Structure formats: C-alpha cells, structure tokens
Amino acid sequence: MRFELHNKHRFDVSCSEEDYQKAKGEYFAHLRKINFNNRRSLVRYFGNSFFHDANLNSMAFGSNNKSFTLTIFSANSLEDINNFRKNNKLHPISYKQYVKNPIQYKCVFKKVSKLLFSRTINLSNGLVIMDTELDIDKNGDEFIVRLSFWDAEEMEIHFKGQVIVKVDSDQLVSKYLNRLRKTIPYCATCKSRMLSPSNAKI
C-alpha cells in the first residue's frame, strides 16, 4: 500500500489521533486530484475501505482477458442485517447459517492491463481484506486499486475502464430481512465509507 493511512496508521492503535487525521487528510487530498469520470462504483466501494474485513471468495479473468472479477462477501452486511432484524423483533441469523448463502458483491474491472501480487495468492487459505486504496499511474492513464490482506499479501489491479459492482439479488436480501425491504440497511459507519466522485468532502 502506498499511503500511510493504509500501510501504517489505519489499524495501529498506538498512533495518535493527530497522526491518523494527518494521514487521512493526505490520502483524501490525493483522491480529490483524480478525475474519476463518474466511476461511482470504483470510488464508492474501493475509495475508503468499504470492504474492510470482507472475504475474497473468488477472482477470475473474463474470456477476453481484458476484464477481471472479484467476488466478495462481508460479515459486516450480516451485522447490519441482524441489527435490522433486532429492531423488528426478529431472531438473528447466525454466521454459520449466513456463510452458506451470503450476500455477495461481484466487482468487475474493465480494460485491465495488469495484475501485481506481493506473492502467490492462495484463496483456499481464505483471504480477508484488510484495506483498499485508489491511485492513478504516473502518466494519468490508468487507475490502480490496491488491496491488502490480513496475512500481509497485497494485490494491485491496473485498468482503464469502468468498475461494475453488483450486489446479490433483491430476493436474497429481502429474504434475510424477512421481506420488509430489498436493500441492505447499512449502518452509519458503512455509509461513511461509501464515497462519491463529486463529493469534495472526500
């Protein structure tokens, strides 16, 4: 990871609030300099570590080798679901039950030029995302998404196209919410991590 917010301060409980806020300000100032050209899903899901603590289930190239897909599910979604169920006097869903059929995010990167890995990625060991960050190459031609994992592995995705993020079907979400709504009731923390390309406050 390039920025101190992610490679030093994000999960270092010993760092001062002043140092953390300084690192956060430097990273967000960097984001404001990038023209994301309305790539809403890219900024929304990868700009501010929305997928922190999420599980990487699979990754695969498309048939033309120009698209790359990550399939991710997050226990944070289960926490939000159970908070909603509690507020509606419903029994919670266990983690064991949830992981059998979790709500998944399918993230498709278009016009991918290369992938970089710190070492060989082994999905069979179960990869948990620690952090994500956005960058752009020195020529301003390609976007870069970096993902770090709890076992010190890292991945870089270089691409020129859009990022499409699809959440599992409304039917599955609605099922977990007892048919009371069709979208995940994100908590305030999750919502705060969903940035917007046009939001100057990022």
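Everything numeric here is computed off the predicted structure, so don't read it as measured data.

**Student:** Residues and numbers for the overall build of the chain, please.
**Tutor:** Check the secondary structure of the chain and you find seven helices and eight strands. Expected size for 202 residues packed as a compact globule is a radius of gyration near 17 Å; at 17 Å, the chain falls within 12% of this value. For the chain, the C-alpha atoms occupy an extent of roughly 55 × 45 × 35 Å along the three principal directions. Residues classed as buried in the chain amount to 48% of the 202 residues present. When contacts within the chain are restricted to residue pairs at least 6 apart in sequence, long-range pairs at least 24 apart make up 67% of them. Per element, the accessible surface of the chain, about 11100 Å² overall, is 46% carbon and sulfur. Counting 32 positive and 21 negative side-chain charges, the chain places the averaged centre of each group 10 Å from the other.

**Student:** Residue-level account of helix H2 (residues 17-32), with values.
**Tutor:** The end-to-end C-alpha distance of H2, which contains 16 residues, comes to 22 Å, matching closely the 22 Å that a straight helix rising 1.5 Å per residue would cover. Turning to H2, its buried residues number three or more, namely Tyr20, Ala23, Tyr27, Phe28, His30 and Leu31. Buried residues of H2, viewed axially, fall in a sector of 150°; they line one side. Pointing more than 90 degrees away from the buried face of H2 are the exposed residues Glu18 and Lys22.

**Student:** Give a detailed account of the layout of surface pockets, specifying residues and quantitative values.
**Tutor:** For the largest pocket, the calculated volume is near 170 Å³. Residue classes in the lining of the largest pocket are distributed as five nonpolar, five polar and three charged.

**Student:** Please provide a residue-by-residue account of the packing of aromatic side chains, values included.
**Tutor:** This model, assessed by the stated rule, comprises 17 aromatic pairs. A centroid spacing of 5.1 Å and a plane angle of 55° characterise the contact between Phe61 and Phe68, whose relative ring orientation is tilted.

**Student:** Summarise the pairing of strand E1 (residues 54-61); cite the residues concerned and give the values.
**Tutor:** Both E1 and strand E2 (residues 68-74) contribute to a ladder of seven bridges, which runs antiparallel. When the bridges of E2 are listed, Ala54 appears paired with Ser74. Between E1 and E2, which pair antiparallel and follow one another directly, the connecting turn spans six residues, one of which, Asn65, has a positive phi of 60°. Of the strand pairs in this sheet, E1 and strand E5 (residues 127-136) are connected by two bridges, and their pairing is antiparallel. The residue bridging Asn55 from the neighbouring strand is Val128, located in E5.

**Student:** Residue-level account of unusual backbone geometry, with values.
**Tutor:** Phi at Ser49 is positive, roughly 55°, even though this residue is not glycine. Along the chain, Ser49 falls in the loop between helix H3 (40-46) and E1. By relative accessible area, Ser49 is classed as buried at 1%.

**Student:** Summarise the sheet that holds E2; cite the residues concerned and give the values.
**Tutor:** Strands sit in the order E4-E7-E6-E5-E1-E2-E3-E8 across an open sheet of eight strands; the sheet is antiparallel. Either end of the sheet is taken by a strand with one partner, and the two such strands are strand E4 (112-117) and strand E8 (163-167). The mean inter-strand angle of the sheet, taken between neighbouring strand axes irrespective of direction, is 25°. Helix H4 (residues 75-87) contacts E2 and strand E3 (104-109) of the sheet and is inclined by roughly 40° relative to E2.

**Student:** Go over the confidence of the model for the chain, please, and point to the residues and values.
**Tutor:** Mean pLDDT over the chain stands at 88; residues scoring 70 or higher make up 94%. When pLDDT is averaged over each element of the chain, E3 comes out on top at 95 and helix H1 (residues 4-9) at the bottom at 79.

Rules of the game
Residues numbered from 1 in each chain as written. Predicted model: local features only at pLDDT ≥ 70, side-chain atom pairs only at ≥ 80, totals over all residues. Heavy atoms only, no water. Helix = DSSP H or I, 4+ residues; strand = E, 2+ residues; numbered from the N terminus. Rg over C-alpha atoms; globule rule 2.2 N^0.38 Å. Buried < 20%, exposed > 50% of the residue type's maximum accessible area, 1.4 Å probe, protein only. Contact = heavy atoms within 4.5 Å. Areas by Shrake-Rupley, 256 points an atom, 1.4 Å probe, with all protein chains shown as cover. Lys, Arg positive; Asp, Glu negative; His and termini not counted. Charge placed at Lys NZ, Arg CZ, Asp CG, Glu CD. Expected span 1.5 Å × (residues − 1). Arc of directions from axis to C-beta. 1 Å grid on protein atoms, 1.4 Å probe; cavity = no way out; pocket = protein on both sides within 12 Å on 5 of 7 lines; lining within 4 Å. Points joined across faces, edges and corners; volume = space filled by probe spheres on them. Nonpolar A, V, L, I, M, F, W, Y, C, P; charged D, E, K, R; others polar. Phe/Tyr/Trp six-rings, centres within 6.5 Å; stacked < 30°, edge-to-face > 60°. Pairing = 2+ DSSP bridges. Axes fitted to C-alpha atoms, helices over the stretch in contact; angles between N-to-C directions. pLDDT = per-residue confidence, 0-100.

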